[in-house]
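Structural features, examined
Residue strings, one per chain:
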Amino acid sequence: MARAITQIKKEVPNQELEQSQAVSEIIQELAANKEAILQTINIIKGLHETKILEAVTSMIEQRTEIGAIAIQQINQPSMHNVIKNGMSAFSFLGSLQPEQLNTLLDGLGNGVKNISTPEQDAEKQSLWKLRKRLGSPEVRVAMTTMFDFMDGMGEVLLRNKQEKS
Amino acid sequence: MEESTFSIEINGKTFKAKPGQSILDVAKEQGVFIPSICYHPSLGTIQTCDTCYVNVGGELVRSCTTKAVDGMVVDSLSPLVQEAQHEAIDRILKNHELYCTVCDNNNGNCTIHNTVELMEVEHQKYPFKAKPYPPDNSHPFYRYEPDQCILCGRCVEACQDLQVNETLTIDWSREAPRVIWDNDVPIDQSSCVSCGHCVSVCPCNALMEKSMLGNAGYLTNIPPKILAPMIDLTKEVEPGYREIFAVSEVESAMRKARIKRTKTVCTYCGVGCSFEVWTKDREILKIQTHAEAPVNGVSTCVKGKWGWDFVNSEERLTKPLIRKGDEFVESTWEEALNLVAEKLGTIKETYGPDSIGYIASSKCSNEENYLFQKFARAVMGTNNVDNCSRYCQSPATTGLMRTVGLGGDSGTIEDIMASELIIVVGANPAESHPVLATRIKRAHKLHGQKLIVVDLREHELAQRADFLVHPKPSTDLIWLSAVTKYILDQGWEDKEFLKNRVNGFDSYVASLEKYTLPYAAEKTGLTEDELIKLATMIHEAKSACILWAMGVTQHKGATDTSTAISNLLLITGNYGRTGTGAYPLRGHNNVQGACDFGTMPAWMPGYEPVQDKEVRERYEKAWGVKLPEEPGMDNHHMVEGMDKGKLKALYLFGEDMSLVDANSNHVNAAFERLEFFVVQDVFFSKTAQFADVVLPAAPSLEKDGTFTNTERRIQRFHKVFEPLGDSKPDWEIFQEVANRLGANWNYKHPSEIMAESASLAPLFAGVSYERLEEWNSQVWPVLKDGTSTPLLYKNRFALPDGKARLVPVEWTPPFVAGEEFDLHLNNGRLLEHFHEGNMTYRSEGLTHKVPHPWLEVSLQLAKERNLEDGALVELTSPYGQVQVRVIVTDRVKGNELYLTMNTREDTEAVNRLTSSYHDTITHTPAFKEMGVKMEVIESKGESPLPRHNHRFGNRVPQLSVRVEDKWRRSDFTPIPELIQLRGDEYGESNHAN
């Protein structure tokens with residue numbers, strides 16, 4: 001004979017027992033990582049003393065407000081330019097041929113090395129001497145390259161001007 | 001026969017095409033990208049998005065509507081075609097803000113995102129413009145955000161022509177068109193049945209599951225205060241969409257790490273919808289449908305789409321319970337299992353194996369049912385094993401086995417869709433088999449399928465029917481036989497079919513003698529004209545299917561009525577061809593599978609009789625035991641056995657018998673007499689209250705297995721979560737109990753159980769988990785090589801000589817409660833809840849839609865008894881009484897009542913009223929045969945059905961989205977007009993002709 005019953009005796013988890021188990025697990029972990037923990041405490045202490053912790057706490061509490069302010073600051077014409085320029089710079093880099101750039105940069109490096117000497121030695125050169133140096137193959141290659149560069153740049157500048165007019 | 005194919009050329013390459021395919025179909029099939037947003041494989045062409053323009057013969061045409069023809073040359077890449085496509089996408093982006101990284105729909109399957117990306121759109125021509133409407137958040141499960149809506153009309157097409165609930169339209173007449181519900185009411189107050197079709201097919205985030213919002217992405221829960229300027233910023237600095245998409249794709253990829261997608265099969269009815277469950281830890285984000293799902297495609301109903309909260313319910317059983325005195329005490333598995341084994345063992349020793357009964361579950365898997373019957377037969381030595389099909393479908397099974405040989409639907413949902421005539425007898429598919437009903441509604445609305453409904457109630461399909469007949473209760477056998485006789489009298493029978501494929505013609509025809517039209521008219525209350533019209537419609541249809549359910553099977557003459565249905569189909573030759581056959585609609589997800597895999601007292605798995613020596617020997621050899629030879633007790637016998645003290649113990653799983661068996665007072669009294677009772681369930685059910693041991697089981701989302709739907713289709717479901725708490729999959733529990741009783745089983749995965757069953761039952765010879773991977777399914781009988789049989793009886797019937805059998809049947813008059821019980825009580829399920837609601841009431845949204853059961857009362861009776869919505873009445877039958885609140889409706893007529901069964905309260909449960917009378921052959925209770933008297937307790941009160949239930953909505957039927965109205969708008973310029981082709985793009989390719 002078994003009548004319908006609805007009473008269920010549930011095993012209520014023993015809170016004290018669960019808590020003491022949790023605590024002992026935590027202590028075990030602490031002991032196993034003693035060095036790291038002590039160092040972390042030092043960091044936290046420093047952060048606390050310099051009031052940084054306090055500031056971070058407030059920021060977390062007010063995250064929505066601060067987030068709104070931050071995004072508003074970013075959402076300004078000048079920041080738009082920064083982001084756009086940043087992205088343009090990336091795409092500019094992408095458009096360059098690595099070998100060409102490499103040669104150019106090597107040349108630039110060597111050139112810079114060269115200019116460091118006259119500053120120290122500071123020997124004054126006459127116009128004649130300078131004109132004579134224009135004839136050297138090194139300077140002529142550099143000058144040709146510069147003219148080629150100006151050709152290309154001018155081409156784009158002219159095109160843009162025509163497109164706008 | 002192989003379909004003929006021809007070739008077309010797209011962008012200079014040749015592709016094979018089939019007749020009837022559009023250019024877009026061919027392109028999609030062969031992996032050629034042509035943009036398309038409104039097109040959806042389950043919906044077809046809608047023509048609203050205009051992104052799929054291509055150039056054919058120098059003209060811009062929509063590739064979704066233009067049929068491919070032999071030798072056609074298509075160009076989708078030339079600059080002007082591209083310009084046309086880009087104009088279209090620009091128009092779309094005017095309506096949709098691209099903030100993908102912070103959008104919950106950024107899961108890799110967003111149609112707009114993917115199309116914009118593949119089209120390599122860099123900037124949009126028309127700036128985004130918000131619409132002047134706030135989002136609609138009124139519905140508990142989904143929200144509509146007009147600002148993100150591109151007006152593609154997929155949702156409208158799905159609602160109007162796939163689900164055919166006819167709630168959504170686009171109002172093209174406003175300055176800013178939008179989707180509206182009914183006549184522009186909040187979603188929650190509309191006729192929306194919450195099926196989720198619209199949300200599933202939305203190509204973006206305009207319609208979304210609320211469970212996804214702010215939940216699916218890493219950045220989607222940002223407060224609006226920050227989100228809006230963030231979107232502005234992104235747009236301000238936007239270098240082009242490619243860079244933005246790079247970020248959103250990283251985010252989308254990150255989501256894959258934490259959102260798990262698992263295929264499952266729905267457990268809410270016998271249709272067998274399959275879909276993915278998206279989860280984040282134990283949280284269900286959404287149900288995601290797939291066009292590849294074999295039965296349902298993108299379709300779901302309200303329960304399948306939203307009703308899964310129960311899995312994480314606080315009230316789940318998570319530890320075994322043992323009755324100690326007047327309370328249940330939580331125990332360990334060890335203690336509970338030892339007790340079960342010891343008690344069952346002792347009772348078997350003391351009173352013999354047949355003193356214990358085993359009740360299986362049609363909600364559990366094939367493997368679990370197989371294992372349970374193996375436990376009962378091989379370990380415990382009895383055939384006393386049965387399942388809940390005894391409450392519903394056993395008469396249909398028996399009726400079919402008698403006449404055509406196999407107890408299952410004779411075809412699939414494809415046949416139902418293809419049929420010229422559907423006859424629905426005593427079934428309410430729109431609520432009980434919702435997705436199957438959508439296919440009938442669609443064929444009826446779009447393809448001229450005829451629909452006859454025979455029912456007491458004017459349910460949804462009845463309202464849509466071409467011909468609705470309402471016979472007197474329990475007289476179906478008479479009109480069926482009279483119609484059959486009339487068909488024979490007219491010489492309309494399929495003579496060739498009968499001659500070649502059917503036995504017993506003469507004696508059957510003789511048995512129809514008394515079913516004349518006047519006799520039938522007198523007994524059924526139908527007119528002779530109605531009977532003739534029925535016969536004529538059946539005669540005129542080249543193919544017909546008859547669908548039936550509890551309105552036929554829960555009667556004293558249920559098996560015979562099911563037989564009469566099959567007889568009618570045989571006489572008219574409606575078997576073995578596409579679009580024909582008998583379809584007993586299985587109510588629960590695995591009613592079919594539970595029976596198939598042997599939890600029946602007279603049948604081994606695969607419908608082989610336990611009395612057949614050869615069959616027994618096959619299993620005896622495999623299992624290494626001696627099997628009992630005689631059929632055991634069915635559910636009904638078991639209740640009688642408990643009552644008489646013959647049955648001492650019962651092991652039941654996944655069945656709330658205390659509420660769902662007829663005459664529940666009697667059943668509960670029988671439970672009280674048991675010496676030992678084990679109940680295994682997901683929840684502490686009403687039945688569990690009588691148990692000695694309650695074992696916590698895991699639902700389908702927490703285990704692997706297969707279910708078999710009403711079509712005989714076997715489908716695989718996968719584990720989504722680990723079992724909650726200490727609960728376990730049912731098959732594991734059976735194994736542990738069995739091993740304590742000496743079984744020595746060692747199944748590690750359900751696939752091993754299926755492999756064993758397939759090796760023993762010829763019906764499932766080729767069934768295997770390997771063949772059921774992904775969206776694959778198998779329809780039994782499955783041959784050794786894995787071949788399915790979607791359509792039965794093409795060449796032979798499943799009877800010894802391959803011929804069907806006409807079986808003469810007699811009408812059984814229904815149970816009559818007595819004169820004072822003057823009202824007829826009908827009862828059944830409803831759309832929003834599964835059965836008594838043990839699972840579905842755990843969903844807040846479902847409970848919001850339907851909080852209580854209700855009693856439907858006709859306008860006439862309401863007037864007579866002075867009743868209105870909300871009145872409280874007491875119903876009394878000879879067996880008990882209930883108190884329920886009233887809804888006055890024209891769905892029921894005269895003195896016929898309808899009580900819904902969605903309650904767990906004794907005082908409202910319909911089975912307090914039903915009797916123990918039953919079908920004479922299968923012992924299925926006659927749930928549908930009861931008279932009651934009614935007493936008014938309160939003439940006014942709160943309506944049991946809130947106004948925000950779909951039944952109070954106002955449908956707005958139309959065909960598709962009415963794109964012509966869009967085209968007629970003054971601000972619409974057809975893209976071909978805007979972009980004139982110069983004509984030089986055509987002919988660039990070097991094709992031969």
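Residues numbered from 1 in each chain as written. Chains lettered and ligands numbered in written order. Predicted model: local features only at pLDDT ≥ 70, side-chain atom pairs only at ≥ 80, totals over all residues.

For chain B, the name recorded in an unreviewed UniProt entry is Formate dehydrogenase subunit alpha, with Peribacillus asahii as its organism. According to its UniProt record, chain B has this under Sequence similarities (unreviewed entry): "In the C-terminal section; belongs to the prokaryotic molybdopterin-containing oxidoreductase family." (UniProt positions renumbered as here; feature names shortened; annotations may be inferred.)

By the naming in an unreviewed UniProt entry, chain A goes by DUF1641 domain-containing protein and is assigned to Peribacillus asahii.

1. Let's talk about the packing of helix α16 (residues 476-489) of chain B against helix α20 (residues 528-540) of chain B
Residue and element names in this part refer to chain B. The N-to-C vectors of α16 and α20 enclose an angle of 60°; their axes lie 9 Å apart at closest approach. Taken as axis vectors, α16 and α20 run oblique relative to one another. Where α16 crosses over α20, the handedness of that crossing is right-handed. For the pair α16 and α20, the contacting residues are W479, A482, V483, Y486 and I487 in the first and L531, I532, L534, A535, I538 and H539 in the second. Split into classes, the residues belonging to the contact of α16 with α20 amount to ten nonpolar, one polar and no charged. (Axes fitted to C-alpha atoms, helices over the stretch in contact; angles between N-to-C directions. Helix = DSSP H or I, 4+ residues; strand = E, 2+ residues; numbered from the N terminus. Parallel < 35°, antiparallel > 145°, perpendicular 65-115°, else oblique. Left-handed = near helix turned anticlockwise from the far one by under 90°. Contact = placed C-beta atoms within 7 Å. Nonpolar A, V, L, I, M, F, W, Y, C, P; charged D, E, K, R; others polar.)

2. Re the domain arrangement of chain B
Note: interface size is frequently given as the accessible area lost on complex formation between the parts. Residue and element names in this part refer to chain B. By domain assignment, chain B separates into domain 1 (1-129 + 217-258 + 962-993), domain 2 (134-203 + 260-308), domain 3 (355-380 + 593-765), domain 4 (394-584) and domain 5 (823-952). The C-alpha-based centres of domain 4 and domain 5 are spaced at 28 Å. With 22 residues of domain 4 in contact, the opposing surface of domain 5 contributes 24 residues. Broken down by secondary-structure element, the contributors of at least two residues to the side of domain 4 that touches domain 5 are α11 (394-403), α13 (429-432), α21 (550-553) and α22 (558-571). Broken down by class, the residue content of the side of domain 4 that touches domain 5 amounts to six nonpolar, twelve polar and four charged. (Domains from an automatic or database assignment.)

3. Examining the pairing of strand β15 (residues 356-359) of chain B
A regular strand places its side chains so that they alternate between the two faces of the sheet. Residue and element names in this part refer to chain B. Burial along β15 is two-sided: the residues I356 and Y358 and G357 and I359 are all buried. Bridge count between β15 and strand β25 (residues 649-653): four bridges; the pairing is parallel. Bridge pairing in β25 places G357 opposite L650. Relative to strand β16 (residues 385-386), β15 is paired through two bridges, and the arrangement is parallel. Bridge pairing in β16 places I359 opposite D386. Note that the unit made of β15, helix α10 (residues 366-379) and β16 has a crossover that is right-handed. (Buried ≥ 20, exposed ≤ 12 C-beta atoms within 10 Å, placed from the backbone. Pairing = 2+ DSSP bridges. Right-handed = clockwise from strand over helix to strand, strands pointing away.)

4. A look at helix α7 (residues 241-258) of chain B
Residues and elements named next belong to chain B. If you check α7, its first and last C-alpha atoms are 26 Å apart, about what 18 residues at 1.5 Å a residue would give, namely 26 Å. Here α7 has its buried residues at Y241, I244, F245, S248 and S252. The arc that holds the buried residues of α7, viewed along the axis, is 90°, so those residues lie on one side. Projecting away from the buried face of α7 at angles above 90 degrees are the exposed residues A246, V250, A253 and A257. On the buried face of α7, the contacting elements are α3 (111-118) and α6 (224-237). (Expected span 1.5 Å × (residues − 1). Arc of directions from axis to C-beta.)

5. Concerning the interface of chain B and chain A
In this assembly, 25 residues from chain B lie in contact with 22 residues from chain A. Those elements giving two or more residues to the side of chain B that touches chain A turn out to be α6, β13 (321-324), β14 (327-330) and α27 (664-672) of chain B. It is α6 of chain B that provides the largest number of residues to the side of chain B that touches chain A, a total of eight residues. Of the strand pairs in this sheet, strand β1 (residues 8-9) of chain A and β14 of chain B are connected by two bridges, and their pairing is parallel. When the sheet's bridge partners are listed, I8 of chain A is paired in β14 of chain B with F328 of chain B.

6. Digging into the nonpolar core
Residue and element names in this part refer to chain B. Counting 294 residues, the largest nonpolar core has C155, V483, L531, I546, F677 and V694 as its most contacted members. The element contributing the most residues to this core is α16, with eight residues. Setting aside residues up to four positions removed in sequence, I546 forms contacts with I423, V425, I565, L569, A582 and Y583. (Core = buried A, V, L, I, M, F, W, Y, C linked by C-beta atoms within 7 Å.)

7. Some thoughts on the sheet that holds strand β29 (residues 713-717) of chain B
Backbone hydrogen bonds hold the strands of a sheet together, and the pairing may be parallel or antiparallel. All names here are of chain B. A sheet is described by the order of its strands in space; here three strands give the open sequence β28-β29-β30, paired in antiparallel fashion. In the strand order of this sheet, the two ends are held by β28 (705-708) and β30 (778-779), each with one partner. Pairing geometry for β28 and β29, over four bridges, is antiparallel. Counted as the bridge partner of T706 is R716 from β29. Sheet contacts for α10: β28 and β29; angle to β28, the most-contacted strand, approximately 95°.

8. What to know about the sheet that holds strand β17 (residues 421-425) of chain B
Residue and element names in this part refer to chain B. Spatial ordering of the open sheet is given by β19-β18-β17-β21-β22, a layout of five strands whose pairing is parallel. Edge positions in the sheet fall to β19 (467-469) and β22 (581-584), since each has one partner strand and no second. Strand-to-strand twist across the sheet, computed as the mean angle between neighbouring axes with direction ignored, equals 15°.

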